[in-house]
Amino acid sequence: MGTLSSSVVLKDSKAGDRGPKPPIYGGDSGGPDGGSSSRDLDRLRRARLGLVLVLVTVTMIFVSFTSAFVIRKGLPTIDEKTGAYVNDWTGVSLPVSLLLINTTLLILSSLSVELARRQIFRRAALAPVQAIPGVSVGEDRSFPWLGATVVLGLGFLIGQWIVWQELRLRGFYLATTPSSSFFYLLTAAHAVHLFGGVVALLSAQSISWLRRPVETQRIWVDVTAWYWHFMALLWVYIFALLYFAR
Amino acid sequence: MATTAPVHVHAAPQGFIRRYVFSLDHKVIGIQYYFLALAAVFVGMFLSLLMRIHLVWPTAQIPLFGEIKPETYLTLLTMHGTIMVFFVLTTAPQSGFGNYFLPIQIGAPDMAFPVLNMLSFWTTFVAFVVMIAAFFVAGGAPLHGWTGYAPLSAVPNSGPGEALGADLWIVSIAIFCIASLMGALNFITTVLDLRAKGMTMMRMPLTVWAWFITAILGLLAFGVLLSAGILLLMDRNLGTSFFVPGGLNFTGQLTVTPGGLSPSTTNFTHHGGSPLLWQHLFWFFGHPEVYIAILPGMGVASQLLSTFSRKPIFGYKAMVYAIMAIGILGFVVWGHHMFMSGMSPYSAFAFSIMTMCIGVPSAIKTFNWLGTLWHGRIRLQTPMLFAIGFVSLFVSGGLSGPFLAQPVLDIPLHDTYFVVGHFHLIMGVAAIFGIFAGTYYWFPKMFGRMMNERLGQIHFLITLLGTYAIFMPMHYLGLAGQTRRYSQFTEVAYQTKLVPLQTFMTYAALITIAAQFLFLINLFWSMRKGAKASDNPWESTTLEWSTATPPPHDNFGGQTPVVSHGPYEYSVPGAPRDFIMQTDPATTATH
Amino acid sequence: MGLALLVVIWLITFVSTYFFIAKTWWLPHGASTSAAFIDGQFTLTFILMGIVFVAAQLALGYLVWKFRDRPEAAPVEYSHGNTRLEVIWTTLTAILFIGLNLMGSRVWANERFAPASPGAVQVEVTGMQFAWYFRYPGPDGKYGPTSAKLMDASAGSEAAIGLDTGDPSAKDDVVAGVMYVPVGRQVDLTLRAVDVIHSFFVPSFRFKQDAVPGLAIHMHFTPTEIGDYEMACAELCGLGHYKMHGMVKVVSQQDFDSWLAAREAEKQ
């Protein structure tokens, strides 16, 4: 890629079917040493690219759920008694205030994960300086934003659980109406994805406990943070869909 | 080997488990995928053999198996289709060869995410085990066909095998989806981010283009199938009604599924779901899946036709745009599977036009393949034979498409053997010919030895004649109105008359299947006893032939290749030999 | 090997094409108003695709033999393609494919978009594992209600489709296991399924339509010749799929009327 040195070793290769033939190579990419090297930037870019593709997949899953939702909602079904087409869609009564609290929690967690992301970028930038013996850039005692995000995220998940309980109290079970089926489906699918984010955050944290390089941690936190933002955005979308199209 | 500072790839691992089982090396993973698909193809082929025998000799006693019952026939059919589509046609050409050769062909030391790559293989493996397990549970494997149309697939008492067997079938496919998504993500990132210096997109071999576009198709399609599978599982086990309408009656039993997450005292009957919704979701995945199966084969055919004709591929750019066009159009034609389903006839009209459009890039490819042969010096070695066979099958299978794409002709042909013949030629055996071509071509690189030419030629001739003898008559049967998925033709008088042709096809299948053991023998014999292969036995130009045979752990022995040429520079006037490798220095101006 | 390939590919081409042209196995005799058009469109498509098939396969066989590698072979023509040829070829295929499609759409439109004519014979087709039932609404022109709860296949045709015999509109409904239709009159079908998807397929009428649970699908066709026509279920519906066939008897209007009257009389 762009980091290749220009020291191209050229060797003429003779007839291809005669013995092993050395290929033509460029230099190696990146150096074995040197803090936030271009190699780390390569890794970061690659991880972000991978994340974008993950988000494409997640989007496709929710797009198909949404289209199922829209089709099902507009779909007339035959009424058994009259033989005529009727629309059997009945809206769920949503516990809106509870959902708003959860939404607030998730948005706050999105903010805190962004702070965590910026924090780790700062720490990674200072890492080479700190590595110099005798140089101190102050105690690393900043606020544990990663931990805060995990707590807020778990708070959101527990909040969603409470919403489910509330819905059951109101008589809307999974199979009660098509609308309630979709409510449980979409919220559960989102919760599973968000839980994946929580696990990713915990592994990002454990990287620092395992004393792996800060660069690795930075990549994990960065990618998870973007994923988390996407989850927050996705939730807002799901909430809007469930609220306005119920 | 030139030795400079080692590149950043992980060192070759020690120990059997790390090297051969949970390996992170894309080459090992590629071979793992290949052998998984090889196991799967023999299972799938055995199932098809049982089906063909049952169709014409229904009372035959199969050793260890006994007589095949009608419902067993449907089970065989379902599992044959599912195993072949997912674990063979999606696994071997894309995950197998793609894993092994995509990184090498773009000059990368490995995939972008090696751990994810390993996970994706083992997830596929688990999916395969779960799929096979469906045979052994109470009630056996499901009978709803590989398309799993609801409500047949959504109601456990719709038939034998629709209980636990069908659940396992869905779970297996869901796991497979996740594995494929991981694989697709890895392929795309690798192509976009790990190309060697000088390897511009328009210098990538057409195999890489095919794998790349296939990965994009997979990334967009498998998520939809995963969603559909989740909805189907919920309908089956949790009492929801996404696909199951109300008022169903199965041989006197009302369908009542215990309502999950519901008060224990109440049961819910299904109400208001849409069977067509499943078909829409399934075919939104299902049609791109057809191209997932065939595009890598097209890539291999292009690569081989150029290499063995000693001539640049005819219209490289057109080929690339054609692959892209097929990929894009592949997402807007799914409704052509549903002309008879009760879908709106207006949308059928639109789907039909789009489907005809997809014939155009396919025709471009065929034209360009023939153009590549024109005025070449064709070396008829076994890989090339299969590439030529691919073109022939692609033409034959492709030309029945415009019949089925017209709704009005689909009326008599839909769900007849005509369709079975069509898709077996084009996405079944054409794709298999792509796999064979790839195997004979890349075997020397993968295992360091040559495969036997004579055995390969015999294998090719029997297989080509055999596949035509099996699948061409299916078109005749379809014209005569023979419906597919019938385990017997005894009940419908006009179909009974067609049994002699079916008998002919069964004999052809017996011979063709027997010939596949020649391939198996050739494969395993050559692995140990074949003639030693040089680094570039076919005098090819792409990067995998510029490294050692078999390639070292990091593909290029601690070096990063630099690319100065397009992928198919054969017989360049003024060049010292009749091919210029992509890594050759840029002395001769090419693109 | 080049000659062997040429022989094999040409042989495959000729044998495959022969059985199509000889019509050894072909569409059954058409017996409905749309059959003629569909067969015509089929033949046209067949001729066009057949020409492309034969041309492409013969060219493939010939090129492989002609340009095979041998010592006296002509040198390779170094070329990356010919854009003009590609454009011509692409345009031709596009016109061919899309033109074919537009031509075929007329009958599709007639059969599917236009409603049935007012004088059409009403028949409701019900598919179930693994039988077909045909219901005629009787003199009142109205189908009586049915219910899954009333279905009992062992208690005769009416109970099999769960007809609510207490309802006044059901009193004159006739349910039969064989479909009778008068010749030359449009048949207005209502397709239903009570368990899984089935497909009503009468090859001689060039007619096929899925019967989908939860939907009542309307479709119409006009039989043109008196005779018995076999129908088969064309959508996988379970273990007895292969047994799910039926009979369509096309009779004269007079025979149809007397058959229907006899069925009505049986009910009283």
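What counts and how
Residues numbered from 1 in each chain as written. Chains lettered and ligands numbered in written order. Predicted model: local features only at pLDDT ≥ 70, side-chain atom pairs only at ≥ 80, totals over all residues. Heavy atoms only, no water. Helix = DSSP H or I, 4+ residues; strand = E, 2+ residues; numbered from the N terminus. Buried < 20%, exposed > 50% of the residue type's maximum accessible area, 1.4 Å probe, protein only. Contact = heavy atoms within 4.5 Å. Expected span 1.5 Å × (residues − 1). Bend = angle between axes of the 7 residues up to and from the residue. Polar contact = N/O pair within 3.5 Å; in protein donor to acceptor, adjacent residues only side chain to side chain. Pairing = 2+ DSSP bridges. Axes fitted to C-alpha atoms, helices over the stretch in contact; angles between N-to-C directions. Buried area = accessible area lost by both parts, 1.4 Å probe. Salt bridge = Lys/Arg side-chain N within 4 Å of Asp/Glu carboxyl O. Patch = residues over 30% accessible without salt bridge, like charges linked within 9 Å, V, L, I, M, F, W, Y side chains within 5 Å. Areas by Shrake-Rupley, 256 points an atom, 1.4 Å probe, with all protein chains shown as cover. pLDDT = per-residue confidence, 0-100.

(A) Summary view of the overall build of chain A. Broken down by element type, chain A carries 5 helices and 3 strands. Going from N to C terminus, chain A has its helices and strands arranged as β-α-β-β-α-α-α-α. Here chain A holds 246 residues, and the buried ones make up 46% of them. Intrachain contacts of chain A at a sequence separation of at least 6 include 75% that bridge at least 24 residues.

(B) Expanded view of helix H3 (residues 83-112) of chain C. Residue and element names in this part refer to chain C. With 30 residues, H3 extends 42 Å between its outermost C-alpha atoms, agreeing within 8% with the 44 Å of an ideal straight helix rising 1.5 Å per residue. The largest bend along H3 measures about 30° and falls at serine 105. For H3, the set of buried residues is Glu86, Thr93, Phe97, Leu100, Asn101, Gly104, Ser105, Val107, Trp108, Glu111 and Arg112. If you check the start of H3, you find a side-chain oxygen 3.1 Å away from the backbone N of arginine 84, and it comes from asparagine 82.

(C) Broad picture of the sheet that holds strand S9 (residues 227-233) of chain C. Residue and element names in this part refer to chain C. In spatial order, the strands read S4-S10-S9-S6-S7; together these 5 strands make up an open sheet with mixed pairing. Since the sheet does not close on itself, it has two edges, and those belong to strand S4 (179-182) and strand S7 (207-211), each with one partner. Ignoring strand direction, the axes of neighbouring strands in this sheet form an average angle of 25°. As paired elements, strand S6 (residues 198-202) and S7 share 5 bridges and run antiparallel to each other.

(D) Up close: the interface of chain C and chain B. Across the boundary between the two partners, chain C contributes 95 residues, which contact 112 residues of chain B. Taken over both partners, the interface formed by chain C and chain B buries close to 9200 Å², and the fraction arising from carbon and sulfur atoms is 73%. Joining chain C to chain B, the criterion identifies 2 salt bridges. Two residues, arginine 377 of chain B and aspartate 69 of chain C, come together in a salt bridge whose shortest N-O distance is 2.9 Å. At the boundary of chain C and chain B, one finds 29 residue pairs in polar contact (both at pLDDT 80 or more). Breaking the side of chain C that touches chain B down by element, the ones donating at least two residues are helix H1 (2-21), helix H2 (35-66), H3, S7 and S9 of chain C.

(E) Molecular detail of a nonpolar patch on the surface. Residues and elements named next belong to chain A. Together, Leu154, Ile158, Trp161, Ile162, Phe195 and Val199 line one region of the surface with nonpolar side chains, adding up to about 580 Å² of accessible area. Taken together, the elements giving at least two residues each to the nonpolar patch come down to helix H3 (145-169) and helix H4 (178-209). By residue number, the principal contributor to the nonpolar patch is H3, which donates 4 residues. Its location among the elements puts leucine 154 in helix H3. Look at leucine 154 and you get partly exposed, because its relative accessible area is 35%.

(F) Region of the structure containing the interface of chain C and chain A. Counting from both sides, the interface comprises 7 residues of chain C and, opposite them, 4 residues of chain A. Both faces combined, the contact of chain C with chain A buries some 420 Å², and carbon together with sulfur accounts for 41% of it. Together, Gly214, Leu215 and Ala216 of chain C form the three largest contributors to the area buried by chain C at its contact with chain A, with a combined 54%. At the surface where chain C touches chain A, the tally comes to 0 salt bridges.

(G) Structural view of the confidence of the model for chain C. Of the residues in chain C, 100% reach a pLDDT of 70 or more, and the chain-wide mean stands at 91. Scored as a whole, the predicted complex attains pTM 0.92, and scored at its interfaces, ipTM 0.95.

(H) Molecular detail of the sheet that holds strand S2 (residues 131-136) of chain C. Residue and element names in this part refer to chain C. Taken together, the 5 strands give an open sheet; going across it, the order is S3-S2-S1-S5-S8, and neighbouring strands pair in mixed fashion. Both outer strands of the open sheet, strand S3 (174-176) and strand S8 (217-221), are each paired with one neighbouring strand and no more. This sheet shows a mean twist of 25° between the axes of neighbouring strands, independent of strand direction. Both S2 and S3 contribute to a ladder of 3 bridges, which runs antiparallel. In the strand pairing of S3, phenylalanine 134 is matched with alanine 176.

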